[in-house]
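Structure at a glance
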Amino acid sequence: MEPLHPDLRQALKRAHPGLTDDDIDRFEELLARVLSYDPTTEADAIARVSRERDEMLARMMPHYAEVAQAFAAERRPRERAERPRVQTRIKPPES
Amino acid sequence: MATTIGLVQGIIWVDCVVTVAIGATPSTAVSFVMRFTAQDSDVRRAFKRAAINLIVRAQAAGYPVEITHAVAATDIIGVSIGGFDISPVGLAIHGDFYSVTGSGIPADAAVVFETPALVLTVTPDFVRPHWVLIKELPAEIPVGRNAVRLETPGGWQTQSVPIDVSAGPATVVRVLYSGAPKNRPYCIGLPANGGILTVGSQLIPDPLLTDRPGFHDVVAYCLRNLLAVAEDCLRQNDWDGEMRFVTVFDRTLPADDPNSLVEELAPNVMRTRRYHVAPFLAGYAVTVDVALVVHGSTTHTRPWTWAGIEDQAQVGTPYSYDGTVLQHLHYPQTPGSAALYVDMDRRGILPLHECLHGMADLNNGRIVDLYVDPTPGTFMINKKFRGQASDPVPALFANYNGTNEAADPARDGLTYPATWSSYHCTLLDATRPNVMDDFWRTFDGDPHRCRLDTLTYRWLTDHLRAKLTR
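Thresholds, definitions, all that
Residues numbered from 1 in each chain as written. Chains lettered and ligands numbered in written order. Predicted model: local features only at pLDDT ≥ 70, side-chain atom pairs only at ≥ 80, totals over all residues. Helix = DSSP H or I, 4+ residues; strand = E, 2+ residues; numbered from the N terminus. Rg over C-alpha atoms; globule rule 2.2 N^0.38 Å. Buried ≥ 20, exposed ≤ 12 C-beta atoms within 10 Å, placed from the backbone. Contact = placed C-beta atoms within 7 Å. Domains from an automatic or database assignment. Nonpolar A, V, L, I, M, F, W, Y, C, P; charged D, E, K, R; others polar. Pairing = 2+ DSSP bridges. Core = buried A, V, L, I, M, F, W, Y, C linked by C-beta atoms within 7 Å. Axes fitted to C-alpha atoms, helices over the stretch in contact; angles between N-to-C directions.

Let us look at the overall build of chain A. Looking only at helices and strands, chain A has four helices and one strand in total. Starting at the N terminus and ending at the C terminus, chain A contains elements arranged as α-α-α-α-β. Against the globule reference of 12 Å for 95 residues, chain A gives a C-alpha radius of gyration of 23 Å, more extended than a compact globule. Along the first, second and third principal axes, the C-alpha set of chain A runs to 80 × 40 × 15 Å. The burial tally for chain A puts 21% of its 95 residues in the buried class. Across chain A, the fraction of contacts at a sequence separation of at least 24, relative to all contacts at a separation of at least 6, is 57%.

Below you can see the structure in the form of C-alpha cells.
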C-alpha cells in the first residue's frame, strides 16, 4: 500500500480540526491490519478491525474520502498530455 | 561457390523455370533461376519449392535474401535470409505500443522510420540496452511500408528492418517484450481493468476502458519505474531481458464479475480481487507471475497489493532464514497483483513498491510495508519485532543463507516512533528511506533514488534468479 503522503496528512488535519498525527497513525494501522488479513480465512478479524476503523473514520475523519480525492486530483501527472516526440525530415528527390 | 545478397526485385515464373531478380535496386538487380525438371526427386522438388516460397515471402516482407550459386552461373543452389541486429515486436499500429529489441542499445537511441520520401525520428518513452518502447506509435508515420532502425546523435546505428505500418485498430493483447525464449518466462502483466466492485457491492464499468491513451502513458511510466530508477533489483545484470512484459486492453469488456479485477475499500483504497486475475488473463492466453492491474477510479486511488501464492507442488530453490529452511518456489499458483490508478502521482515509486509486494510469496516470505508498525499475517522477510517498544534494536537483523545482515538502528533517518516495536534491516543507501518504507519523506523529495535494505535485495535477487532459471 502507498505510504500516506505528508501533504495529505496535513490536508486531513486541516479538514478535521483537532485531528492529531497519532490519530492518523492509528487509522493507518487499522487499515494495514484489515488489508493484511486473508479474507477467505480471517473474516472475523477483518470484521472486528473494520468496525473500529469505520467508527474512527466516521467520528474523527468524516471528510477523509473528499480530501483524499482532491489530493489525488492535484497530483495527477502533467506529462500525461505529452505524446512521443517526432521529428520529420523530407528527403531530397533522388537525382 | 558464390553468394549474392540483395532485395528481391522481381519474380517471374514461366513454365518450369522461376527467375528472380536480386539487388539493391531494380536497375542493378542480377537474375537467378530455379529450374524444376521431371528428373527431380521428391526431396529435391520439395527443396526447390521451399526455396521459392522463402524468396516470395522475403519479397513481401522486404527482407534481403542470400542466394548461393556457382561462380559465374545463375542457377540457385541455396537461399537464406540473414538476420537483422534489431527486431521489431508485433505489428506497427498508430496509437498502439511499439517495441524494438536488440542489444547494446544506447540510452539516447531514437527510433527512425524511413520511407522513400520521409525520415521520421521518434524519441522513445523507455530505453533499456535490449529494448526500446514507444508508448503510442505516432500517426505522423506513413501507413504502409517503412524501414525502421535505431540511431543516436553520436552516429551509432542499427540495420534497417522493413515493416508495414497500419492505422489501426490497436491490439487487445500486446507483448511489449517477449523475454527468454522458453515456455514460461518470468512475466509481468499490465492488464486494463474491466469493472470495479464498489464498497456498496455493485459492479460498475471501469472508466479506464474509455481512456486508452492514459493506459499507454501509465504503462510506460510503470516500466520506467520498475527498470530505470535507482533501485536496480529488477534490472541487475540486465536480467530484465529474460522477463516478459505483456499488456491487455480490451475496451469491449462488460463490467461483470470475471472482468472486475479490483475492489474498493473505504475510504480510498483499491485492491485487486486476486483470484480473478489469472483466470481473466488466461482468457487472453496470458500467464503472469505478477499483474499490475490498471484502473481508472478517481475515488479509490490508493493502491494495495497481494503477494503471490506460489505453487507448493512445483519445484523450488531452498533458502535459509535464521536457520529455518524455506523455498523460492518457481511457479505461481496465484500471481501477485497490484491495483494501480491510471493517473497516479508520477513523483513516487508506487509501481516498484507495489510490484515488489506482488513478487514475494504469501507463504514463503512476504515483503511488507515498513511505514506502519503492526503487520499481522504470514512470515515476512523485511520486518521483525522487539519484545517491547522500549527494547533496543538488535545489532543483527537476520541470517540469510548463512550470512548475517545487520539491523537498521535508526530506521534510515526517519527514526522509529517510540511506540513501535518493529525494526528493519540495514539499508543499501542509508541516506534515504527504504523503497518499502515511507519513501515520500526522502530528504530531497526524490523517491526515485530510494533503495532497498540489504537482506530484501539479496532475497529478491535469489527469488528472481530461481524463477528466471526455471
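Next comes the rest of the write-up.
Let us look at the domain arrangement of chain B. One widely used convention gives an interface's size as the accessible area the parts lose upon coming together. As far as domains go, chain B holds domain 1 (2–80), domain 2 (87–171) and domain 3 (174–367 + 454–468). Of note, the centres of domain 1 of chain B and domain 3 of chain B, computed from C-alpha atoms alone, are 49 Å apart.

Right, let's talk about the interface of chain A and chain B for a bit. On the side of chain B, 42 residues touch chain A, which itself brings 33 residues to the contact. For the side of chain A that touches chain B, the elements supplying multiple residues, two or more each, are α2 (21–36), α4 (64–74) and β1 (86–90) of chain A. Counting residues per element, the side of chain A that touches chain B draws most heavily on α2 of chain A, at seven residues. Along the lines of polarity and charge, the residues of the side of chain A that touches chain B split into 16 nonpolar, five polar and twelve charged. Inspection of the sheet shows β1 of chain A paired to strand β10 (residues 118–122) of chain B by five bridges, in the antiparallel sense. Bridge pairing links Val86 of chain A to Val122 of chain B in β10 of chain B.

Here we take up the nonpolar core. All names here are of chain B. In this structure, Val111, Leu292, Val293, Val294 and Leu340 are the most contacted members of the largest nonpolar core, which totals 118 residues. Here this core takes nine residues from helix α2 (residues 212–227), the largest share from any one element. Split by domain, this core shows at least three residues from each of two domains, domain 2 (87–171) and domain 3 (174–367 + 454–468). Those residues in contact with Val294 that lie beyond four places of it in its chain are Leu190, Ala192, Asn193, Leu208, Phe215, Val218, Leu340 and Val342. By size, the runner-up hydrophobic cluster in this structure holds 13 residues, among which are Phe32, Ala58, Ile67 and Ile76.

For the rest of this paragraph, the subject is the sheet that holds strand β15 (residues 173–177) of chain B. Residue and element names in this part refer to chain B. Taken in spatial order, the ten strands make up an open sheet running β15-β19-β16-β22-β28-β23-β21-β20-β17-β18, and their pairing is mixed. On the outer flanks of this sheet lie β15 and β18 (203–205), each paired with one strand and no other. Strand-to-strand, the axes of this sheet are offset by a mean angle of 25 degrees, without reference to chain direction. By the bridge criterion, six bridges tie strand β22 (residues 290–295) to strand β28 (residues 336–341) in an arrangement that is parallel. Across the sheet, the residue bridging to Leu292 is Ala338, located in β28. Together, β16 (187–191), β19 (244–248), β22 and β28 form the strand contacts of α2, whose direction differs from that of β22 by roughly 140 degrees.

A few words on the sheet that holds β10 of chain B. Read across the sheet, six strands follow the order β1(A)-β10(B)-β9(B)-β13(B)-β14(B)-β7(B) without closing on themselves; strand pairing throughout is mixed. Single-partner strands in this sheet number two, and they are β1 of chain A together with β7 (92–93) of chain B. Relative to strand β13 (residues 144–151) of chain B, strand β9 (residues 110–114) of chain B is paired through five bridges, and the arrangement is antiparallel. Along β13 of chain B, the bridge assignment pairs Val111 of chain B with Leu150 of chain B.

Residues and elements named next belong to chain B. Inspection of the secondary structure assignment puts Gly200 in the loop between β17 (195–197) and β18. Assessed through the 7 C-beta atoms surrounding it within 10 Å, Gly200 is described here as exposed. Between the C-alpha atoms of Gly200 and Gly316, which are 116 residues apart in sequence, the distance is 41 Å.

Before going further, it helps to spend a moment on helix α4 (residues 350–359) of chain B. All names here are of chain B. Most of α4 sits out of view: ten of its ten residues are buried. Among the residues making up α4, those that are buried are Leu350, Pro351, Leu352, His353, Glu354, Cys355, Leu356, His357, Gly358 and Met359. Turning to α4, the residues buried within the fold contact α2, β22, β23 (302–306), β28 and α5 (454–468).

All names here are of chain B. Tracing the backbone shows Gly413 in the loop between β31 (403–408) and β32 (422–425). Gly413 sits in the partly exposed class, given 14 other C-beta atoms within 10 Å. Placed 20 residues apart in sequence, Gly413 and Pro433 show a C-alpha to C-alpha distance of 7.4 Å.

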